[in-house]
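These are the residues of each chain, in order.
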Amino acid sequence: MLSAEANLVKCKEVMRTHNLSNWGPAGSHLPNYYLAKVRITQNQYKVAKALLEAEIPNIKIVKKELLKEQKLLIEVCLKLGDSEAADSTFKKYTELQSLISAEERKYRTKSFEVESKIEEAEATIKNLVFEKELADITKKYLIGIAILLLAVASIIFNRFRVTRRQKKIIEKEKQRSEALLLNILPEEVAEELKAKGSADARQFEEVTVMFTDFKGFTQISERLTAAELVSEIDACFKAFDHIITAYGIEKIKTIGDAYMCVGGLPVPNKTHATDIVHAALDIQKFMEEHSRKRKKEGKELFEIRIGIHTGPVVAGIVGIKKFAYDIWGDTVNIASRMESSGEAGKVNISSTTYALVKDTFTCEHRGKIQVKHKGEVDMYFVESKSPTFN
């Protein structure tokens, strides 16, 4: 690590000495980006943020490199708890993605035009071949037809080279389209959907489901404008998305002010319970900081309840329009009950989840709590990570 850092510093010094830009014929030069990665491993997030912010304005031509820098800056801002800077950078990030997508659509349009011209040329060749066969009966037009065929062959050859290049571009576009599909569905489900045109429902024996909900949301929403309400939910849910992605958790859906996600699918793993609880504590911390900020600004405070339960579910896709990946089963219902039976600012888990995370987290036993349609259920509040794991 020390060697990597020393070389990066030397790289920056050489570029500054020789007045080199961040882009040249040999490719991109992004010493701050990799130096920022070094600072992140050292938990120097403010230094990493400063490095990235200094380098990003100098990256103008290479949009993909700019995307990479912006993505790392978002992660650093979230580590620092600077949600405003993270949101601002994320907006620029999505705008640049849209610009790249627009350029790619332009390339696809050009490819379609080339394909059409190729088809027209191929039709022309067929007609010329027919004319040649007729010309063979008489030598009068033989020389003229031969010259014409040579000219057409030259055109077709040139078109062929253009088409080959365009096909490569189309293939890249296809890959980007598949990446967009993966933003909607899990990778395994997306692959099955592309291969079969449908995706089979699957039974998972053990996953961990998390529900979040804002306390008193209905009353708060009556005191806010529609724009203010949507903006606040959007800011919170974006932060939640970043958090669960870091732990490899699958977002299922949002319903109003409720947020639902699950660990352990579509690829089963043994860490789903601890992953979910880690994410829940991070969400709880984000909301505490977010509420303090809103309180200073004299705005309505949003307090969150979080409920978690572990058990079996069935997962799959239903419908044919606006389809979405979803999960079903009693585990989902109990996870929802954990949320509604919890308290604002607390992470409430079932005894099933507790058995899987008790060695990793310090928890407070609440005793048996009456739950609608479930009777009395043992519940626990997660207080913090166990000292052993800090």
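The residue count restarts for each chain, going from 1 along the sequence in the order it is written. Note on the predicted model: pLDDT of at least 70 is required for a residue's local features to be given, and 80 or more for side-chain atom pairs to be given and counted; whole-chain, interface and lining totals, by contrast, use all residues. Water and hydrogen atoms play no part in the side-chain values, which are based on all heavy atoms of the structure.

1. Digging into the overall build of the protein chain
By definition, any uninterrupted DSSP run of H or I lasting at least four residues is a helix, any uninterrupted run of E lasting at least two residues is a strand, and each is numbered from the N terminus. What the protein chain contains, in helices and strands, is twelve helices and ten strands. For every residue, the accessible area (1.4 Å probe, protein chains only) is compared with the maximum for its type, and the residue is labelled buried under 20%, exposed over 50%, or partly exposed between those bounds. Residues counted as buried form 39% of the 390 residues belonging to the protein chain. Whether two residues touch is decided by their heavy atoms; if any such pair falls within 4.5 Å, the residues are in contact. By sequence separation, contacts in the protein chain at least 24 residues apart represent 65% of the contacts at least 6 residues apart. Counting every atom, the protein chain has about 23100 Å² of accessible surface; 55% of that belongs to carbon and sulfur. Per-residue accessibility takes into account occlusion by the displayed protein chains alone, with areas from the Shrake-Rupley method and a 1.4 Å probe.

2. Some details on the nonpolar core
Side chains of nonpolar character tend, in soluble globular proteins, to be buried together. Within the largest apolar cluster, 36 residues are counted, with the highest numbers of intra-cluster contacts made by F240, M287 and I308. Among the elements that take part in this core, helix 10 (residues 272-296) stands out by supplying nine residues, more than any other. Only buried Ala, Val, Leu, Ile, Met, Phe, Trp, Tyr and Cys residues count toward a nonpolar core, and they belong to the same one when joined by side-chain atoms within 4.5 Å. In this structure, A36, I74, A86 and Y93 belong to the second largest nonpolar core, which totals 22 residues.

3. Points about the pattern of salt bridges
Any Lys or Arg side-chain nitrogen located within 4 Å of an Asp or Glu carboxyl oxygen qualifies as a salt bridge. In total, this model carries twelve salt bridges according to the counting rule given. Ionic pairing is found between K293 and E84, a salt bridge with its closest N-O pair at 3.2 Å. Here E84 lies in helix 5 (residues 83-135) and K293 lies in helix 10, a separation of 209 residues in the sequence. Between K238 and D234 there is a salt bridge, with the nearest N and O atoms lying 3.2 Å from each other. Note that K238 and D234 are positioned in helix 9 (residues 226-246) at a spacing of four residues, about one turn of the helix. When its relative accessible area of 37% is taken as the criterion, D234 is described as partly exposed.

4. Quick look at the packing of aromatic side chains
What characterises a pair of aromatic rings is the spacing of the ring centres plus the angle enclosed by the ring planes. Think of it this way: a Phe, Tyr or Trp ring, Trp meaning its six-membered ring, pairs with another when their centres are within 6.5 Å, and the plane angle makes it stacked under 30 degrees, edge-to-face over 60, tilted otherwise. Tallied over the full model, the rule gives eleven aromatic pairs. Note on F217 and F302: the rings are 6.4 Å apart at their centroids and 55° apart in plane angle, and the pair reads as tilted. Here the residue F217 occupies a position in helix 8 (residues 217-221), and F302 occupies one in the loop between helix 10 and strand 6 (304-318), the gap between them amounting to 85 residues. This pair shows no difference in class: F217 is buried, exactly as F302 is.

5. Some remarks on the side chain of Q284
With respect to the helices and strands, Q284 occurs in helix 10. Ignoring sequence-local partners within four residues, the contact set of Q284 consists of I306, G345, K346 and V347.

6. Considering helix 3 (residues 45-55)
Of the positions making up helix 3, those classed as buried are Y45, A48, K49, L51, L52 and E55. Mapping the buried residues of helix 3 onto a view down its axis gives an arc of 160°, with all of them on the same face. Note that the arc is computed from the directions linking the helix axis to the C-beta atoms.

7. Here we look at the environment of L73
Turning to its location among the elements, L73 is positioned in helix 4 (residues 63-80). It is 7.4 Å that separates the C-alpha atoms of L73 and T89, two residues lying 16 residues apart in sequence.

8. What to know about the packing of helix 9 against helix 10
The interhelical angle for the contact between helix 9 and helix 10, taken along N-to-C directions, is 150°, at an axis separation of 10 Å. On the basis of the axis angle, helix 9 is roughly antiparallel to helix 10. Helix 9 and helix 10 meet at a crossing whose hand is right-handed. Here E232, A235, C236, A239, F240, I243 and I244 of helix 9 come into contact with helix 10, specifically with A279, D282, I283, F286, M287, H290 and R294. Of the residues belonging to the contact of helix 9 with helix 10, the class tally is ten nonpolar, one polar and three charged. What counts as an axis is a line fitted to C-alpha atoms, over the stretch in contact for a helix, and the angles between N-to-C directions run from 0 to 180 degrees. In this scheme, roughly parallel covers angles under 35 degrees and roughly antiparallel covers those over 145, while 65 to 115 is roughly perpendicular and the rest are oblique. A crossing counts as left-handed when the near helix is turned anticlockwise from the far one by less than a right angle, and as right-handed when that turn is clockwise. The nonpolar class holds Ala, Val, Leu, Ile, Met, Phe, Trp, Tyr, Cys and Pro. Asp, Glu, Lys and Arg form the charged class, and all remaining residues, Gly among them, are polar.

9. Quick word on unusual backbone geometry
Backbone torsion omega between L265 and P266 reads 0°, so that peptide bond is classified as cis. Take P266: it is sitting in the loop between strand 5 (258-263) and helix 10. Although it is not a glycine, N43 sits at a positive phi angle of roughly 65°. Among the structural elements, N43 can be located in the loop between helix 2 (31-41) and helix 3. Here N43 falls in the exposed class, since its relative accessible area comes to 56%.

10. Observations concerning the confidence of the model for the protein chain
Across the chain, each position has a pLDDT score giving the predictor's confidence in that residue, from 0 to 100. Model confidence for the protein chain is summarised by a mean pLDDT of 81, while 82% of its residues fall at 70 or above. With pLDDT under 50 throughout, residues 23-27 is counted as low confidence; its partners more than four residues away or in other chains account for five contacts.

11. Examining the environment of F302
For F302, a relative accessible area of 1% translates into the label buried. Each C-alpha atom, one on F302 and one on I233, is 9.5 Å from the other, the two residues being 69 residues apart in sequence. Residue contacts for F302: discarding those within four places in its chain leaves F214, F217, I220, L224, L229, E232, M287, S291 and R294.

12. Quick notes on a positive patch on the surface
Taken together, the side chains of K64, R161, R164, R165, K168 and K172 define a basic patch exposed on the protein surface. Here the positive patch takes five residues from helix 6 (residues 142-182), the largest share from any one element. In this structure, R164 sits in helix 6. Note that patches include only residues with greater than 30% relative accessible area and no salt bridge, and the join distances are 9 Å for like charges and 5 Å for nonpolar side chains (Val, Leu, Ile, Met, Phe, Trp, Tyr). The charge count treats Lys and Arg as positive and Asp and Glu as negative. His and the chain ends do not count. Where a charge sits is defined by one atom per residue type, namely NZ (Lys), CZ (Arg), CG (Asp) or CD (Glu).

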